[in-house]
Amino acid sequence: MITIATEGRHPVLGVLQPSSNPSELTSASLSLPVAATSVRQNSSVRIKLSTIGASVVQSWRSVIAKYPQIQNIWLTVMPDHIHGLIHVKDRLPLHLDKIIASFKAISSKSAYTALESADKLDSTHRFIAFENSKLKLWESGFNDRIIRNPEQLQNSIAYLKDNPRRLWLRQQHAEYFAQLKVKIAGYTFNSVGNIHLLSADRLLPVHVSSRQSEAAIQQQIQSLIEAAEQGVILVSPFICEAEKTVEQAIIERNLPHVKLLENGFSQFFKPAGKAFDACVEGKLLLLAPWQHHNDWRKISRAQCLALNQMAADICQPCSSPSN
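Summarised in this report is the structure supplied together with it. Just so you know, the residues in each chain are numbered from 1, in the order the chain's sequence is written. pLDDT decides what is reported in this predicted model: residues at 70 or higher carry local features, side-chain atom pairs at 80 or more are listed and counted, and totals for whole chains, interfaces and linings draw on all residues regardless. Side-chain measures here rest on the full set of heavy atoms in the structure, leaving out hydrogens and waters.

**Examining the packing of helix 3 (residues 150-161) against helix 4 (residues 163-172)**
Okay, step 1: Only the stretch in contact is used when a helix axis is fitted, and all axes are lines through C-alpha atoms; the angle between N-to-C directions ranges over 0 to 180 degrees. Helix numbers and strand numbers start at the N terminus; a helix is a DSSP run of H or I with at least 4 residues, a strand a run of E with at least 2. Where helix 3 meets helix 4, the axes come as close as 4 Å, and the angle between the chain directions of the two elements is 55 degrees. Compared by their axis directions, helix 3 and helix 4 come out oblique. Contacts from Tyr-159, Leu-160 and Lys-161 of helix 3 reach helix 4 at Asn-163, Pro-164 and Arg-166.
Okay, step 2: Each residue gets one label: Ala, Val, Leu, Ile, Met, Phe, Trp, Tyr, Cys and Pro are nonpolar, Asp, Glu, Lys and Arg are charged, and the others, such as Gly, are polar. Looking at side-chain class alone, the contact of helix 3 with helix 4 contains 3 nonpolar, 1 polar and 2 charged residues. To sort the angles, those under 35 degrees are grouped as roughly parallel, those over 145 as roughly antiparallel, those from 65 to 115 as roughly perpendicular, and the leftovers as oblique. In this analysis, two residues are considered to be in contact whenever any of their non-hydrogen atoms come within 4.5 Å of each other.

Written as structure tokens, this is what we have:
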């Protein structure tokens, strides 16, 4: 999956439009699957492409079509970035970096031409940046992530379809999606979510040892869930299966919790799935002590021990967060 952001993250590619009319959810003129799913109060949202956004779609298609080794699976255009999901079926004649650079150059030139020939410019025009009389459309570089199996592929497509709804919700609750530095218990974390959860009266670390009997594990799981139902904030990396069972239970019950992550936050990070909804409602705080990495890595025993120790230290009565 390729992600490319506009220069300065300016929203020049389109505008977010809430809508209650399901018939408006597809841009028929472009035959482009415009993602939109229901949000609260049964409303829906879509991205209405600007002149530049429409030009970018055509440029993406034309560049990808030059390479029979690439299958275009999905393209989602957001106001300030695009997500392209592609399948590289065979060895490419040149590096992917070169292909993306070609797309950037072609789309920038095409967008400039489209602006010149447009009868009327839309409201996104005021954000456009120029450099040496040329349209400066894209930030340098791009973000890529390898999809490793069919389940990840379906999850990625669902994520892209849901992007406009998620953007709408993030705009309504921007404070829960900002990446902030927080210091607590002698550690410095990058955070996303409701940092006020760290100031709750009662914090409880979740660590379920697999050395216990199955009956003891089940009893501990039930005790942790009951504690969360009574207002205790559970803090954990939720690594082992028993801990994941606790995490799933508290998410399903819409209970607040703090989760520590092995992988840090990328530039475009947003929680996925039910975690996103928990974040919207202020019921989740994610803490990452280490930097982000694009490649998949199996968490080490040392990291597990470190994260569990951090969770335990955070829950000490003397701990208090600061930015």
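Structure's up, so let's keep going.
**Looking at the pattern of salt bridges**
Okay, step 1: Here, a salt bridge means any Lys or Arg side-chain nitrogen found within 4 Å of an Asp or Glu carboxyl oxygen. One pass over the full model with this rule turns up 8 salt bridges.
Okay, step 2: Shared partners join several salt bridges into a network, and the residues in it are Asp-162, Arg-165 and Asp-277.

**Here's the deal with the environment of Ile-314**
Okay, step 1: Residue position: Ile-314 is located in helix 8 (residues 301-314).
Okay, step 2: Spatially, the C-alpha atoms of Ile-314 and Ala-185 are 5.5 Å apart, while their sequence positions differ by 129 residues.

**Side note on unusual backbone geometry**
Okay, step 1: One non-glycine residue with positive phi stands out, namely Arg-9, at about 55 degrees.
Okay, step 2: Checked against the element boundaries, Arg-9 lands in the loop between strand 1 (2-5) and strand 2 (14-19).
Okay, step 3: Positive phi values are uncommon outside glycine, yet Phe-238 reaches one of about 50 degrees.
Okay, step 4: Note on placement: Phe-238 falls in the loop between strand 12 (233-236) and helix 6 (241-252).
Okay, step 5: We classify Phe-238 as buried; its relative accessible area is 2%. Remark: exposure states derive from per-residue accessible area (1.4 Å probe, protein chains only) relative to the maximum for the residue type, with buried under 20%, exposed over 50%, and partly exposed in between.

**Quick word on the sheet that holds strand 4 (residues 70-77)**
Okay, step 1: When DSSP finds at least two bridges between two strands, those strands are taken to pair. One open sheet accounts for 4 strands, arranged 4-5-1-8; its pairing is antiparallel. With partners counted over all chains shown, the strands left at the sheet margins are strand 4 and strand 8 (143-144), one partner each.
Okay, step 2: Pairing analysis gives 4 bridges linking strand 1 to strand 5 (residues 81-88), with the strands arranged antiparallel. Along strand 5, the bridge assignment pairs Ile-4 with Ile-82.

**A closer look at the sheet that holds strand 10 (residues 187-193)**
Okay, step 1: The mixed open sheet is built from 6 strands, whose spatial order is 9-10-14-13-12-11. The sheet is open, and its two edges are formed by strand 9 (180-184) and strand 11 (203-205), each paired on a single side. In this sheet, adjacent strand axes meet at a mean angle of 30 degrees when their direction is disregarded.
Okay, step 2: Bridge count for strand 9 against strand 10 is 5 bridges, and the pairing is antiparallel. Residue pairing for strand 10: Val-182 is matched across the bridge by Phe-189.
Okay, step 3: Strand contacts of helix 8: strand 9, strand 10, strand 11, strand 12, strand 13 (257-260) and strand 14 (284-288), with the helix running at about 85 degrees to strand 10, the strand carrying the most contacts.

**Some words on the packing of aromatic side chains**
Okay, step 1: Planes of paired rings set the category: under 30 degrees apart is stacked, over 60 is edge-to-face and the rest tilted, where pairs are Phe, Tyr or Trp rings (Trp by its six-membered ring) whose centres lie within 6.5 Å. One pass over the structure, following the stated rule, counts 5 aromatic pairs.
Okay, step 2: Measuring from ring centre to ring centre gives 5.6 Å for Phe-103 and Trp-138, while their planes differ by 40 degrees; the resulting arrangement is tilted. Placement of Phe-103 in helix 2 (residues 96-117) and of Trp-138 in the loop between strand 7 (134-136) and strand 8 is noted, with a sequence separation of 35 residues between them. Accessibility assignment for this pair places Phe-103 and Trp-138 in one class, buried.
Okay, step 3: For the ring pair Tyr-187 and Phe-189, a centre distance of 5.9 Å and an interplane angle of 50 degrees mean the geometry is tilted.
Okay, step 4: We classify Tyr-187 as partly exposed; its relative accessible area is 23%.
Okay, step 5: Judged by relative accessible area, which is 0%, Phe-189 ranks as buried.
Okay, step 6: Pairwise contacts between aromatic rings join Trp-60, Phe-103 and Trp-138 into one cluster.
Okay, step 7: Geometrically, a charge over a ring is one whose NZ (Lys) or CZ (Arg) sits within 6 Å of the ring centre while staying within 35 degrees of the ring normal. Taking NZ or CZ as reference, Arg-166 lies 4.3 Å from the ring centre of Phe-276, over its face.

**Brief notes about the pairing of strand 14**
Okay, step 1: Among the 5 residues that make up strand 14, 5 are buried, leaving the element largely enclosed by the rest of the structure.
Okay, step 2: Side chains Leu-284, Leu-286 and Ala-288 project from strand 14 onto one buried face, and the interleaved Leu-285 and Leu-287 project onto a second face that is buried too.
Okay, step 3: One ladder, built from 4 bridges, connects strand 10 with strand 14; its direction is antiparallel. The partner of Asn-190 across the bridge, within strand 14, is Ala-288.
Okay, step 4: Judged from the 4 bridges that link them, strand 13 and strand 14 form a sheet pairing that is parallel. Bridged to His-257 within strand 14 is Leu-284.

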